[in-house]
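Given next are the chains, with one letter for each unit.
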Amino acid sequence: MIATVATVAYLGLEARAVEVQCQLVAGLPNFIIVGLADKAVTESRERVRNALAAIGLALPPKRITVNMSPADLPKEGSHYDLPIALAVLGAMGVADAEALAHYVVVGELGLDGRVAASPGVLLAALHAGGRDMGLICPAAQGAEAAWAGNVEVVASPTLSGLLNHLKGSGVLPPPQPGGVEESVSGPDLRQVKGQESAKRALEIAAAGAHNLLMIGPPGAGKSLMASCLPGILPELTPAEALEVSMVASVAGTLEGGRMTRRRPFRAPHHSASMAALTGGGLRVRPGEISLAHRGVLFLDELPEFQRAVLDSLRQPLETGEVTVARANAHLTFPARVQPAMHVCDFLTIRSLEEAYAANRNHLYPC
Ligand SMILES: Nc1ncnc2c1ncn2[C@@H]1O[C@H](COP(=O)(O)OP(=O)(O)OP(=O)(O)O)[C@@H](O)[C@H]1O
Ligand SMILES: [Mg+2]
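This is a predicted model, so every value here is computed, not measured.

Moving on, we come to the pattern of salt bridges. Summed over the entire model, instances satisfying the criterion amount to 14 salt bridges. Note that glutamate 196 is salt-bridged to lysine 199, the shortest N-O span being 3.8 Å. A residue pair is termed a helical-turn pair when its members lie 3 or 4 positions apart in one helix, as glutamate 196 and lysine 199 do in helix α8 (residues 196-208) at 3 residues. According to the relative accessible area criterion, lysine 199 is buried, its value standing at 14%. One network of salt bridges, with partners in common, ties together Glu240, Glu243, Arg263 and Arg294.

Structure representation (structure tokens):
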């Protein structure tokens, strides 16, 4: 018998449907995972084996084949542990295959059978909603998944708790959406003494969503004023808050499923690499420009950034999205940073030496 469980692969901010199939056949005992799985997925064999042992089940002495379809789509991440475990349990006849057919499943397993958090649950929940299915996810991320609206969310802390829920013997309570964070206290423009013209430029940039370049002597308060910008920007609309939360969910930084209406403020260090700023790396993650989506990307000490890194920001700043090209996939993340804030120390720009003589900040909304 072949047991199937639905799950997802994350491609940028898109969750693509993946089906985990498991078949047990007579032969030499073996446990194989196929379907372009990366290291974290192939390692899930050991986590699944141990998690089953923790609930008192041993893998049957058969040839266990797990296939992840579509087989040409690369599978990355640890959120495949739980769907693989449930597919194996379905094939063993321990989990009810019919009950599982109504759910999209994501979650990482611990050796003791705990279901641990994994990034991207909000995307999986929205995907499940689009397919009229429910979502099985880690208990720690139930509040995040519940934001998706009318999706049945089963958030279990353990594998045994989940099996009991599916059997109907220990029903898990549906999670409630995480709270909306009230304005987090950050630097306030009130703290800035004087600098009236600089404050006005900041207000104009905030009102018109302009980019801003600040030039002034060291210690004049450029960095301080830049960090005050999110405080005077309008709150995120609910739709924007969801977009920002989706990026945070993929990055794994949406703590306790709490959404915030405050615009993000990201200030990467000038030694940041291109992958850190625009996204990418071995396991593709949103870069700083995507984490600052709908908010402020603050480049302190602008001239110190590597030229190639600054150049890589040109296209995302213009188009509002960043596309990471990889050998087998193109992933797109949003990157609509409205007031991209470039701050530099005028000492590095000789032509503006007069500004130093005047010993005051010059701000240019541009
Ligand atoms: N107008 C001001 N009102 C209140 N505090 C200020 C003001 N200007 C500077 N400060 C304080 O002085 C310190 C230095 O300011 P800040 O780091 O913002 O300067 P900067 O212009 O970014 O300097 P650098 O060019 O060296 O980066 C901070 O602790 C800041 O709080
Ligand atoms: Mg500074």
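Anyway, onward from the coordinates.
This part is about the packing of helix α3 (residues 81-92) against helix α7 (residues 159-167). Here α3 crosses α7 at 55 degrees, and the two axes come no closer than 12 Å. As far as their axial angle goes, α7 and α3 are oblique. Once α3 is placed against α7, the crossing between them reads as right-handed. Of the residues in α7, those touching α3 at Leu82, Leu86 and Leu89 are Leu159, Leu162 and Leu163. Its residues placed into classes, the contact of α3 with α7 shows 6 nonpolar, no polar and no charged.

The next thing to look at is the site of ligand 1. As a structural note, the neighbourhood of ligand 1 is formed by 13 residues, with Lys193, Gly219, Lys222, Ser223 and Leu224 the closest of them. At 2.8 Å from an oxygen atom of ligand 1 is found a main-chain nitrogen or oxygen belonging to glycine 219. A distance of 2.9 Å is found between an oxygen atom of ligand 1 and a backbone nitrogen or oxygen belonging to leucine 224. Contact with the protein chains hides 63% of the accessible area of ligand 1, taken as 630 Å² for the molecule alone. For the shell around ligand 1, a count of residues per class yields 5 nonpolar, 5 polar and 3 charged.

To continue, consider the pairing of strand β8 (residues 134-138). Most of β8 sits inside the fold, with 5 of its 5 residues counted as buried. By the bridge criterion, 3 bridges tie strand β5 (residues 103-105) to β8 in an arrangement that is parallel. Paired with tyrosine 103 across the two strands is glycine 134, which belongs to β8. In terms of strand pairing, β8 meets strand β9 (residues 153-156) through 4 bridges, oriented parallel. Bridging across to β9, proline 138 finds its partner in serine 156.

Thresholds applied
Residues numbered from 1 in each chain as written. Chains lettered and ligands numbered in written order. Predicted model: local features only at pLDDT ≥ 70, side-chain atom pairs only at ≥ 80, totals over all residues. Heavy atoms only, no water. Salt bridge = Lys/Arg side-chain N within 4 Å of Asp/Glu carboxyl O. Helix = DSSP H or I, 4+ residues; strand = E, 2+ residues; numbered from the N terminus. Buried < 20%, exposed > 50% of the residue type's maximum accessible area, 1.4 Å probe, protein only. Axes fitted to C-alpha atoms, helices over the stretch in contact; angles between N-to-C directions. Parallel < 35°, antiparallel > 145°, perpendicular 65-115°, else oblique. Left-handed = near helix turned anticlockwise from the far one by under 90°. Contact = heavy atoms within 4.5 Å. Nonpolar A, V, L, I, M, F, W, Y, C, P; charged D, E, K, R; others polar. Near = heavy atom within 4 Å. Polar contact = N/O pair within 3.5 Å; in protein donor to acceptor, adjacent residues only side chain to side chain. Areas by Shrake-Rupley, 256 points an atom, 1.4 Å probe, with all protein chains shown as cover. Pairing = 2+ DSSP bridges.

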